[in-house]
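Listed below are the residues making up each chain.
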Amino acid sequence: MQSEIITAYRQYFPLIVRKCARMLGDAHEAQDVAQDAFLRLHASDVTLSDGLAVTAWLYRTSTRLAIDRLRVRARHTHDEAALDGLGSEASPEVRAHFAGLWATLVRRLPSEELEAALLRYVDGLKQVEIAEVLGVDERTVRRLLAKFDERAARLRARSER
């Protein structure tokens, strides 16, 4: 068991750190989340010899841990790390507008929708991969992404008025 967790750590830790860094926009925080995910993996009953199960479990767990961190940030302040994708040329007004939208989405969305949206739009996973990670069927993933898109569009329309 000990050697299996070390092997899994060596194999998957860099992947999970990169994934969390994309979500959080902070390399140090991403490492903390990844380490927490691996501590939980060690305590779990996941079969470490099943690479697909380990990957899905780590993606699901690290996504949920990162969402928890994003929600804490959204409660306390606008999330500057989430604005990194806008580039430095974005005006302060655009950055503030985007930060408000992001914080609202993170606070208001049901966890399942937010997980599916982050796995799709941040991690670039296909629907079949998202279904595997979340342990649901592809139809459920399509429904979650459609709801996310609908909510985001409504929020964007309201904020542009």
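Residues numbered from 1 in each chain as written. Predicted model: local features only at pLDDT ≥ 70, side-chain atom pairs only at ≥ 80, totals over all residues. Heavy atoms only, no water.

A. Expanded view of the nonpolar core. Among the nonpolar cores identified, the biggest contains 48 residues, and Leu41, Leu58 and Ile130 are the most heavily contacted of them. Only α1 (2–24), α2 (27–43), α3 (51–76), α4 (92–108), α5 (111–122), α6 (127–134) and α7 (138–159) provide two or more residues apiece to this core. Non-local contacts of leucine 58, meaning those with residues more than four positions away in its chain, are made with Tyr12, Ile16, Ala37, Phe38 and Leu41. (Core = buried A, V, L, I, M, F, W, Y, C linked by side-chain atoms within 4.5 Å. Buried < 20%, exposed > 50% of the residue type's maximum accessible area, 1.4 Å probe, protein only. Helix = DSSP H or I, 4+ residues; strand = E, 2+ residues; numbered from the N terminus. Contact = heavy atoms within 4.5 Å.)

B. Here's a closer look at the pattern of salt bridges. Tallied over the full model, the rule gives eight salt bridges. One salt bridge connects glutamate 115 with arginine 64, and the closest N-O pair in it is separated by 2.9 Å. With glutamate 115 in helix α5 and arginine 64 in helix α3, this pair connects stretches of sequence that are 51 residues apart. Overall, arginine 64 belongs to the partly exposed group, its relative accessible area being 39%. A network of salt bridges, in which partner residues are shared, links Lys19, Arg22 and Asp123. (Salt bridge = Lys/Arg side-chain N within 4 Å of Asp/Glu carboxyl O.)

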